[in-house]
Amino acid sequence: MVILITGASVGFGAASARKFVANGHKVILLARRLEKLEALQKELGGEENAQIIACDVCDTARIESALANLAQDFKQIDVLLNNAGLALGLQSADEANIADWEEMIQTNVLALVRLTRLLLPQMVARKKGHIINIGSIAGRYPYPGGNVYGATKAFVRQFSLNLRADLYDKHIRVSNIEPGLSGGSEFSLVRFKGDEKLANAVYEGTKPLLPEDIAEAIFWVATLPSHINVNTIELMPTIQAPAALNVHKQ
Ligand code: 8X3
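Residues numbered from 1 in each chain as written. Predicted model: local features only at pLDDT ≥ 70, side-chain atom pairs only at ≥ 80, totals over all residues. Heavy atoms only, no water.

A.B. asks: How should the sheet that holds strand β7 (residues 232-235) be read in this particular structure?
C.D. replies: Strands belonging to one sheet form pairs held by backbone hydrogen bonds; the direction of such a pair is parallel or antiparallel. A sheet is described by the order of its strands in space; here 7 strands give the open sequence β3-β2-β1-β4-β5-β6-β7, paired in parallel fashion. The open sheet has two free edges, formed respectively by β3 (50-54) and β7, since each of these has just one partner strand. This sheet shows a mean twist of 15 degrees between the axes of neighbouring strands, independent of strand direction. As paired strands, strand β1 (residues 2-6) and strand β4 (residues 79-82) are joined by 3 bridges and run parallel to one another. Bridging from a neighbouring strand, isoleucine 5 pairs with leucine 81 of β4. This element, helix α4 (residues 98-126), spans β1, β4, β5 (129-134) and β6 (172-179) of the sheet and lies at about 170 degrees to β4. (Pairing = 2+ DSSP bridges. Helix = DSSP H or I, 4+ residues; strand = E, 2+ residues; numbered from the N terminus. Axes fitted to C-alpha atoms, helices over the stretch in contact; angles between N-to-C directions. Contact = heavy atoms within 4.5 Å.)

A.B. asks: I keep staring at the site of the ligand and nothing clicks. Help me out?
C.D. replies: Looking at the ligand, the residues that line it are Ser136, Ile137, Ala138, Tyr143, Tyr149, Pro179, Gly180, Phe187 and Arg191. Tyrosine 143 is positioned with one of its side-chain polar atoms (N or O) 2.6 Å from an oxygen atom of the ligand. At 2.6 Å from an oxygen atom of the ligand is found a side-chain nitrogen or oxygen belonging to tyrosine 149. With the chains in place, 86% of the 240 Å² that the ligand exposes on its own is no longer accessible. For the shell around the ligand, a count of residues per class yields 6 nonpolar, 2 polar and 1 charged. (Near = heavy atom within 4 Å. Polar contact = N/O pair within 3.5 Å; in protein donor to acceptor, adjacent residues only side chain to side chain. Areas by Shrake-Rupley, 256 points an atom, 1.4 Å probe, with all protein chains shown as cover. Nonpolar A, V, L, I, M, F, W, Y, C, P; charged D, E, K, R; others polar.)

A.B. asks: I'm lost on the side chain of serine 16 in this one. Help?
C.D. replies: Note that serine 16 resides in helix α1 (residues 11-22). When its relative accessible area of 0% is taken as the criterion, serine 16 is described as buried. Contact partners of serine 16, with chain neighbours within four places excluded, come to Ile5, Leu81, Ala215 and Ile218. (Buried < 20%, exposed > 50% of the residue type's maximum accessible area, 1.4 Å probe, protein only.)

A.B. asks: Looking at this structure, how should I read the packing of α4 against helix α5 (residues 147-167)?
C.D. replies: What describes two packed helices is the angle between their axes and the distance between those same axes. Interaxial distance between α4 and α5 falls to 9 Å at its minimum, and their mutual angle equals 15 degrees. Put simply, α4 runs roughly parallel to α5. In this structure, the crossing between α4 and α5 has a hand that is right-handed. Contacts between α4 and α5 pair Trp101, Met104, Ile105, Asn108, Val109, Leu112, Val113, Thr116, Leu120 and Val124 from the former with Asn147, Val148, Tyr149, Thr152, Lys153, Phe155, Val156, Phe159, Leu163 and Leu167 from the latter. A breakdown of the residues in the contact of α4 with α5 according to their chemical character gives 15 nonpolar, 4 polar and 1 charged. (Parallel < 35°, antiparallel > 145°, perpendicular 65-115°, else oblique. Left-handed = near helix turned anticlockwise from the far one by under 90°.)

A.B. asks: Please clarify how the nonpolar core should be interpreted in this entry.
C.D. replies: It is characteristic of soluble globular proteins that their nonpolar side chains tend to be buried jointly. Ranked by size, the top nonpolar core spans 31 residues in total, and within it Val27, Leu29, Leu44, Ile132, Ile177 and Ile218 carry the most contacts. Top element by residues in this core is helix α8 (residues 211-223). It accounts for 6 residues. Beyond its immediate chain neighbours, meaning those up to four positions away, isoleucine 177 contacts Ile132, Asn133, Ile134, Gly135, Ser136, Ile214, Ile218, Val221, Ile233 and Leu235. Residues Leu80, Ala84, Leu112 and Leu163 belong to the second largest nonpolar core, which totals 27 residues. (Core = buried A, V, L, I, M, F, W, Y, C linked by side-chain atoms within 4.5 Å.)

A.B. asks: When you look at the environment of aspartate 59 in this model, what are you seeing that I'm missing?
C.D. replies: Mapped onto the fold, aspartate 59 is located in the loop between β3 and α3 (60-68). In this structure the C-alpha to C-alpha distance between aspartate 59 and leucine 245, which are 186 residues apart in sequence, comes to 40 Å.

A.B. asks: I keep staring at empty space enclosed by the protein and nothing clicks. Help me out?
C.D. replies: Think of a ball as big as a water molecule: rolled over the atoms, this probe shows where empty space is left. Evaluation of the coordinates by the stated rule reveals 1 cavity of 30 Å³ or more. Computed from the structure, the largest cavity encloses a volume of approximately 30 Å³. Together, Leu88, Gly89, Leu90, Gln91, Ala96, Asn97, Asp100, Trp101, Met104, Gly145 and Asn147 line the largest cavity. Per-element tally for the lining of the largest cavity: the top contributor is α4, with 3 residues. Classifying every residue of the lining of the largest cavity gives 5 nonpolar, 5 polar and 1 charged. (1 Å grid on protein atoms, 1.4 Å probe; cavity = no way out; pocket = protein on both sides within 12 Å on 5 of 7 lines; lining within 4 Å. Points joined across faces, edges and corners; volume = space filled by probe spheres on them.)

A.B. asks: Sorry, what's going on with the packing of aromatic side chains here?
C.D. replies: Here a ring pair, both rings aromatic, is described through the centre-centre distance and the interplanar angle of the planes. For the structure on display, the rule yields 3 aromatic pairs. Ring centres of phenylalanine 155 and phenylalanine 159 lie 5.8 Å apart, and the angle between their planes is 25 degrees; on these two criteria the pair is classed as stacked. One end of the pair is phenylalanine 155 and the other is phenylalanine 159, both in helix α5 and 4 residues apart, which spans about a single turn. The ring centre of phenylalanine 219 lies 5.2 Å from the NZ or CZ of lysine 19, which sits over that ring. (Phe/Tyr/Trp six-rings, centres within 6.5 Å; stacked < 30°, edge-to-face > 60°. Lys NZ or Arg CZ within 6 Å of the ring centre and 35° of its normal.)

A.B. asks: What's the story with the environment of leucine 189 in this structure? I'm lost.
C.D. replies: By the element assignment, leucine 189 lies in helix α6 (residues 187-191). For the pair formed by leucine 189 and asparagine 133, sequence separation is 56 residues and the distance between their alpha carbons is 22 Å. Look past the residues within four positions of leucine 189 in its chain and what remains in contact with it is Gly194, Asp195, Glu196 and Ala199.

Just geometry here; none of it tells us what the structure is for.
Spelled out as structure tokens, the structure:
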């Protein structure tokens, strides 16, 4: 299989690339940071196994031309792993930064739907393809400060289900993977804008999910027999559970 992975330089994306290549598949690594992509490409055995597209996931025009210039045996993409996404800030809605909200909508929603729309026609034409989206438990359970981040992931969840409604008779699979608390990635560092103390505090005293755990789930849904579609997988570390309903008392 050929798998296009967005947000491939670190975290879930890089772990998934390692998992697929270790099992004989080819990956296209899309992310902004060229040095990280080159290091990963080298680790994965070079351009025979991994091709690089170094650009912003929001830059659909550049992605389109990069895809057209891929080596021949990477041109037919079997799996699109829409992994690129971010959370910015954890402030209450009345204090949150509007630019952060817009950036999350741009990346988590707009870039994801654009890339999906770009790749679907070739999948439908070949009657073969799988869109795997990275949602979040934040798209299902509200929490303080989750406001727009959670809403973008709720979009991803419903978009995934609606894609199935359009594609179930066209041999295209769609899955939404919804991780809970996950360490070993830049997620919290990005959310807290580089503040390592705040980012590390999120995981202190916990045993979170790791990128390899999520890659395992992604690999499983992608390699099941083709008559099986996993709609949704929700994963949490054992130390996490859906929160209680809060009541504010005077
Ligand atoms: C990541 C999980 O709980 O920080 O999407 O929203 S959480």
